[in-house]
Amino acid sequence: MNKDSSHTEERMMLRAIENAEKARPSCMPNPWVGAVLVTPDEAIFDGHTQSFGQSHAEIVCLNSAGTQARGATLYVTLEPCSHIGKTGPCVQRIIESGIKRIVVGTKDPDAHVDGEGIRKLQKAGLEVEVGLLEDLILSQLAPYIHQRKTGKPYVVMKIATTVDGKVAASDGSSQWITGPEARIDGHKLRAYSDAICVGKGTVLSDNPRLTVRDWRPDDGVAEGLDPKRIVLGEVPKESAVRPCYEFTGNVLDLLEELGREGVLQLLVEGGASTYKAFHDAGVVNEYQFFLAPAIMAGSDGLNIFTGEGAETISDLWRGKIQEVCRLGEDIKIIVIPEAK
């Protein structure tokens, strides 16, 4: 493969990755997958996973291309499915379309696929390449990949805090530490999560609804965006968070249960004791800090975490910064654990 063709390959897979961004959250709990089909005469057809139960990314491309798919190259971020679920197997449609070559970003670890889609395509005589821009795709599909490999949801901890590390005032009030842009981004994060979890203390002090109110996808469709609401402990019947699931076990048991239900991503939104429980259990995959240019300036405000912390500097938990961006007057910092 020469340099020019290699660059073209990467451009097409980057385009497929961009297409995949359009799939979430409406496709959930299916993985958000993007595809690009390039015909022999260089016509290009784009696709991404549709709403749950509808066409997968590859099928969208094939339907758009029609007979032009014969002899084409298909770029797809995730290995095509080879089993019957809510839809038929994509592999069969790809084979029947007459496509000559397929470039797959990464294998699908789902037990129903796990390389079988690739093997069937190769057996049918298609040229198959795997691994182009795989690191980018693994990052994009991190919740799905994690859940399929571990059986537990990918845990995101969202923390709105002052720059001196306070999440609430001494009277328990915390609305609103951050500005409107940060709240919109936080509600998008809710929409991207299958479930959201808070402690009963947060419900008693803030009486949150935990819904997606301030963000809408590009298509404007609001239906089905609200995540399943989970409260650690029992809360009053009149709480705005209802209907909710009141859980009284430990967080490891909760993750096991949610994993069996197919939850891909769990968002943890507080408060301090809940943050501490998930952090100490070592189950947080991603910390999203929303820092407001505000200072509590005292020791009586509520810290991000409750209880005892590291005794010495050498005992500090350390991760790495994955992303930093500005949201209005606030800053979002995404921190992930160091790879084990």
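All of these numbers come straight from a predicted model, not from anything done at the bench. Positions within a chain are numbered from 1, following the residues in the order the chain's sequence is written. Per-residue local features of the predicted model are confined to residues with pLDDT of at least 70, and side-chain atom pairs are confined, for both listing and counting, to 80 or more; whole-chain, interface and lining totals are unaffected and use all residues. Heavy atoms from the whole structure form the basis of all side-chain values; hydrogens and water molecules are not counted.

Let's shift gears to the layout of surface pockets. Points on a 1 Å grid over protein atoms alone make up a cavity when a 1.4 Å probe fits among them but cannot get out, and a pocket when they form an open set with protein on both sides within 12 Å along at least five of seven lines; lining residues each have an atom within 4 Å of a point. Grid points are joined across faces, edges and corners, and a volume is the space filled by probe spheres set on the points. In this structure, the largest pocket encloses a volume near 1,400 Å³. Around the largest pocket, the lining is made up of 46 residues, and of these Ala142, Tyr154, Asn285, Glu286 and Gln322 lie nearest the centre. Per the convention used, a helix needs a DSSP run of H or I reaching at least four residues, while a strand needs a run of E reaching at least two, with both numbered from the N terminus. Broken down by element, the residue count for the lining of the largest pocket peaks at 6 residues, all from helix α6 (residues 142-150). Looking at side-chain class alone, the lining of the largest pocket contains 22 nonpolar, 10 polar and 14 charged residues. Its volume calculated, the second largest pocket comes out at about 760 Å³. Ten residue types, Ala, Val, Leu, Ile, Met, Phe, Trp, Tyr, Cys and Pro, are classed as nonpolar, four, Asp, Glu, Lys and Arg, as charged, and the remainder, Gly among them, as polar.

Right, let's talk about unusual backbone geometry for a bit. Following arginine 24, the chain continues into proline 25 via a peptide bond in cis, with omega recorded as 10 degrees. Position of proline 25 among the secondary structure elements: in the loop between α1 (3-21) and β1 (34-38). With an omega dihedral of 10 degrees, the bond running from methionine 28 to proline 29 counts as a cis peptide bond. Note that proline 29 resides in the loop between α1 and β1. Although it is not a glycine, asparagine 207 sits at a positive phi angle of roughly 50 degrees. Along the chain, the position of asparagine 207 falls in the loop between α8 (200-206) and β9 (228-232).

Across the sheet, 5 strands lie side by side as β2-β1-β3-β4-β5; this open sheet has mixed pairing. The sheet is open, and its two borders are formed by β2 (44-48) and β5 (127-130), each paired with just one other strand. The average angle at which neighbouring strand axes cross in this sheet is 15 degrees, direction not considered. Think of it this way: DSSP has to see at least two bridges between two strands before they count as a pair. Across 5 bridges, the pairing between β1 and β2 is antiparallel. Helix axes are fitted only over the stretch in contact, all axes being lines through C-alpha atoms; the angle between N-to-C directions runs from 0 to 180 degrees.

For the rest of this paragraph, the subject is helix α10 (residues 272-280). Working definition: with a 1.4 Å probe on protein chains only, accessible area under 20% of the residue-type maximum means buried, over 50% means exposed, and in between means partly exposed. For α10, the set of buried residues is Ala272, Thr274, Tyr275, Lys276, Phe278 and His279. Where α10 terminates, the next one or two residues include glycine 282, which has phi positive at roughly 70 degrees.

So, on to the packing of helix α3 (residues 90-97) against helix α4 (residues 116-123). At a closest axis distance of 10 Å, the pairing of α3 and α4 adopts a crossing angle of 20 degrees. Taken together, the axes of α3 and α4 lie roughly parallel to each other. In this structure, α3 meets α4 at a crossing whose hand is right-handed. Residues Val91, Ile94 and Ile95 of α3 pack against Gly117, Lys120 and Leu121 of α4. Considered class by class, the residues forming the contact of α3 with α4 number 4 nonpolar, 1 polar and 1 charged. Angles below 35 degrees are treated as roughly parallel, those above 145 as roughly antiparallel, those between 65 and 115 as roughly perpendicular, and all remaining angles as oblique. By definition, turning the near helix anticlockwise from the far helix through less than a right angle yields a left-handed crossing, and turning it clockwise yields a right-handed one. The contact rule is simple, with two residues in contact once any of their heavy atoms fall within 4.5 Å.

Okay, the confidence of the model for the protein next. Looking at the protein as a whole, its pLDDT mean stands at 92, while 95% of the residues score no less than 70. As a per-residue quantity, pLDDT reports the predictor's confidence and falls between 0 and 100. Across the protein, the element-wise mean pLDDT spans from 85 in α1 up to 98 in strand β11 (residues 265-268).

Here strand β14 (residues 319-327) pairs with strand β15 (residues 330-337) via 8 bridges, running antiparallel. Note that in β15 the partner of lysine 320 across the bridge is isoleucine 336. In this antiparallel pair of consecutive strands, β14 and β15, the connection spans 2 residues, and glycine 328 shows a positive phi of 65 degrees.

It is worth spelling out helix α7 (residues 180-191) at this point. The length a helix should cover is 1.5 Å for every residue beyond the first. Along its 12 residues, α7 runs 17 Å from first to last C-alpha, staying within 8% of the 16 Å computed at 1.5 Å per residue. Taken residue by residue, α7 has Ala182, Asp185, Gly186, His187, Leu189, Arg190 and Ala191 as its buried positions. Looking at the buried positions of α7, the neighbouring elements they touch are β6 (154-162), β8 (195-199), β11, β12 (286-292), β14 and β15.

Our next topic: the side chain of aspartate 108. Its location among the elements puts aspartate 108 in the loop between β4 (101-106) and α4. At 5.5 Å, arginine 148 is the nearest oppositely charged side chain to aspartate 108, a buried residue that forms no salt bridge. Setting aside residues up to four positions removed in sequence, aspartate 108 forms contacts with Leu78, Glu79, Val113, Asp114, Gly115 and Tyr144. Asp and Glu count as negative and Lys and Arg as positive, but His and the ends of the chain are not part of the count. The salt bridge criterion pairs a side-chain nitrogen of Lys or Arg with a carboxyl oxygen of Asp or Glu, the two atoms within 4 Å.

Attention shifts here to the packing of aromatic side chains. When the centres of two rings from Phe, Tyr and Trp lie within 6.5 Å, Trp using its six-membered ring, the rings pair. Their planes under 30 degrees apart give stacked, over 60 give edge-to-face, and anything left gives tilted. For the structure on display, the rule yields 5 aromatic pairs. When the centroid spacing of 6.0 Å and the interplanar angle of 65 degrees are considered together, the rings of tyrosine 245 and phenylalanine 247 count as edge-to-face. On the basis of relative accessibility, which here comes to 26%, the residue tyrosine 245 falls in the partly exposed class. With relative accessibility at 8%, the residue phenylalanine 247 sits in the buried group. Each ring, one from tyrosine 275 and one from phenylalanine 305, has its centre 6.4 Å from the other, and the planes form 70 degrees; the classification is edge-to-face. Taken together, the residues span a long stretch of sequence, with tyrosine 275 in helix α10 and phenylalanine 305 in the loop between β13 (302-303) and β14 at a distance of 30 residues. Overall, tyrosine 275 belongs to the buried group, its relative accessible area being 4%. Lysine NZ or arginine CZ positioned within 6 Å of the ring centre and within 35 degrees of the ring normal marks a charge as sitting over the ring. We note arginine 24 situated over the ring of tryptophan 32; from NZ or CZ to the ring centre the distance is 3.9 Å.

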